[in-house]
Amino acid sequence: MTQADILIKNGIILAMDESMTIIPCGYVAVSGDRIVAMGEGEPDVGARRVIDARRCVVMPGLVNTHTHMTMMRGVCEDKLLMDWLEQICFPIDASLTPDDIRASALMCQAEMLLGGTTTFIDIYRHPGAVAEVAEKTGIRAVIAPQIIDHPAGAGETYASNKAFVDEWLGRCPGRVIPWYGVHAPYSCDWQTYKDCHDAALASGIGIHTHLAETEAEIDQIREEFGCSPFEKLAEIGAMSGRMLAAHCVHVDDRDMDIMAESGMKVAYNPSSNMKLASGVAPITKMLARGIVVGLGTDSNLSNNNVDMFEEMRVGAMLQKLATGDARALPAETVVRMATIEGARCLGLEKEIGSLEVGKKADLILVDMGKPHLWPTFTGGMQENVVAHLVYSASAADVRTTIVDGRILVDDEQLVDCDLNALFEYVQNAAVDLYSRAKRRMTK
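Residues numbered from 1 in each chain as written. Predicted model: local features only at pLDDT ≥ 70, side-chain atom pairs only at ≥ 80, totals over all residues. Heavy atoms only, no water.

Examining the pairing of strand β7 (residues 117-124)
The side chains of a regular strand alternate between the sheet's two faces. For β7, the tally of buried residues reaches 8 of 8 residues, placing the bulk of the element in the interior. Relative to strand β8 (residues 140-145), β7 is paired through 6 bridges, and the arrangement is parallel. Bridge pairing links Y124 to P145 in β8. Once the chain exits β7 it traverses helix α3 (residues 127-137) before rejoining the sheet at β8, and the crossover so formed is right-handed. (Buried < 20%, exposed > 50% of the residue type's maximum accessible area, 1.4 Å probe, protein only. Helix = DSSP H or I, 4+ residues; strand = E, 2+ residues; numbered from the N terminus. Pairing = 2+ DSSP bridges. Right-handed = clockwise from strand over helix to strand, strands pointing away.)

Re helix α2 (residues 98-114)
Note on helix geometry: an α-helix contains 3.6 residues per turn, so any two residues three or four positions apart are oriented the same way. The terminal C-alpha atoms of α2, which comprises 17 residues, lie 24 Å apart, in line with the 24 Å expected from a rise of 1.5 Å per residue. Turning to α2, its buried residues are D100, I101, A103, S104, A105, M107, C108, Q109, A110, M112 and L113. G116, located one to two residues past α2, shows a positive phi value of around 90°. (Expected span 1.5 Å × (residues − 1).)

Notes on the sheet that holds strand β9 (residues 176-178)
Ordered in space as β6-β7-β8-β9, the 4 strands form an open sheet in which the pairing is parallel. Each of the sheet's edge strands pairs with one partner strand only, and the pair in question is β6 (62-67) and β9. Across the sheet, the mean angle from the axis of one strand to that of its neighbour is 15°, orientation sign disregarded. Across 4 bridges, β6 lies against β7 in parallel orientation. Bridge pairing in β7 links V63 to T119. Set on the sheet, helix α4 (residues 158-168) makes contact with β8 and β9; between it and β9 the angle comes to about 140°. (Axes fitted to C-alpha atoms, helices over the stretch in contact; angles between N-to-C directions. Contact = heavy atoms within 4.5 Å.)

Some points on the pairing of strand β17 (residues 406-410)
Relative to β17, strand β16 (residues 398-403) runs antiparallel, the two being bridged by 3 bridges. From the neighbouring strand, T401 faces β17, where its bridge partner is V409. In this structure, the hairpin formed by β16 and β17 is closed by a connection of 2 residues, where D404 is found at a positive phi of approximately 55°. By the bridge criterion, 2 bridges tie β17 to strand β18 (residues 413-414) in an arrangement that is antiparallel. Within β18, the residue paired with V409 across the bridge is L414. Between the end of β17 and the start of β18, which pair antiparallel, lie 2 residues, with D411 showing a positive phi angle near 55°.

With respect to the sheet that holds strand β10 (residues 180-182)
With parallel pairing, 5 strands are arranged side by side in an open sheet as β10-β11-β12-β13-β14. Two strands close off the open sheet at either side, each with one partner strand: β10 and β14 (293-295). Each neighbouring strand pair of the sheet contributes to a mean axis angle of 25°, computed without reference to strand direction. Direction of pairing for strand β12 (residues 243-247) relative to strand β13 (residues 265-268): parallel, over a ladder of 3 bridges.

Thoughts on the packing of helix α11 (residues 308-323) against helix α12 (residues 331-338)
Contact geometry of α11 with α12 gives a least axis separation of 10 Å together with a crossing angle of 140°. Here α11 is positioned oblique relative to α12, judged by the angle of their axes. Considering the relative orientation of α11 and α12, their crossing is right-handed. Along its contact with α11, which presents M308, M312 and A316, the element α12 presents V334, V335 and A338. (Parallel < 35°, antiparallel > 145°, perpendicular 65-115°, else oblique. Left-handed = near helix turned anticlockwise from the far one by under 90°.)

Re the packing of helix α1 (residues 81-95) against helix α15 (residues 419-441)
Across the interface, α1 lies against α15 with an axial gap of 8 Å and an inter-helix angle of 120°. Looking at the two axes, α1 sits oblique to α15. Viewed along their axes, α1 and α15 form a crossing whose handedness is right-handed. Counting all contacts with α1, which are made through Q87, I88, P91, I92, A94 and S95, the residues of α15 involved are L433, R436, A437, R440 and M441.

Points about the pattern of salt bridges
Throughout the structure, instances matching the rule amount to 33 salt bridges. Ionic pairing is found between R54 and D52, a salt bridge with its closest N-O pair at 3.3 Å. Residues D404 and K360 are paired through a salt bridge, measuring 3.3 Å at the closest nitrogen-oxygen approach. Here D404 is found in the loop between β16 and β17, whereas its partner K360 is found in the loop between α13 (340-345) and β15 (363-367), with 44 residues between them in sequence. The exposure class of K360 is buried, given its relative accessible area of 9%. If you follow the salt bridges from partner to partner, you end up with D33, R34, R140, E351, K360, D362 and D404 in one network. (Salt bridge = Lys/Arg side-chain N within 4 Å of Asp/Glu carboxyl O.)

Below is the structure:
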């Protein structure tokens, strides 16, 4: 009999592999940080910890391809994007200390783990604090400092980003991964894009940015440079498969051709784009061109949560509404965007994003035993598990979260985390941050 550390049995296995394998009643065995066995029926495997996944879907952990470790949820509401940034967000960003970011990261990472997100990419301030929190919480993190050239002081710099990469590249291999991050064309110089892109290529890592989020951004770039941001980035040699761009809402056919030719990836953020009235990204057209698209929540300022199940539901329905085609972005495609395609956006598809022997043990159990997820059909019936995950489930349905072979959420509870104590810590930090930032807002 094979011996493992963790054996999950009697679950509906949604592998998210190339064949979209679904095992109506199967098992997954984990040793160390890897999946060592999986299959159908009763396993010939023993383990120190056995989890009965009866009435649960066992699936890869969700991959959030765009977020910010922000804390001031609910105080930046009902404003246009540029007003929202300039009047509130940038003053808060300029006030942030590593201690503020530590509290933000603890809050956001706790919320993500409880909701089944096992991997995220962050683009924000004080990346070292985020990395240290991720190192302790056990979540898988890609961290791209948010460089902002204008206004000065509202973000990181190329020098600080490079120092972060030098410090963290290889420090927590495969689980805390440093990237380069450039906020947006309206807040950063083109030379910054070029420098970060070249440095990312040299280090074998990626670069994350915001592109084409609003019409105002596109109008500004065209008025100043006579082209779209995609054309400009291609012109200066700062686009490649190493780039992950968030939003990409206002793009035309020429832009999408450039995106496809370069191999750049896209993070689709439907809730944020709706809330800020940014528009609807033409995701179906991107997919038709072979562009890799992942799913992101954006920050808790513009969403206001990091629930990837909600993002799947909203993202699918928004594309159907925008295209006038109920067949657009089917459930299977959306779940792939939240798992294996998200992993591909981060260059991690060989390690995570699907349940396969030899891959990292990043997986979640979704409890299908709740009335809003009934009835459940598998096997010979009309299979509806994938549809339930997209159109009916929520973060609250996650029962177990495992990252790198470690159980981090057990029976809907965070392991080794006192949420009452964390609430007090975050609450006090938020009050202090807002009092400091408010002085900048009134200037």
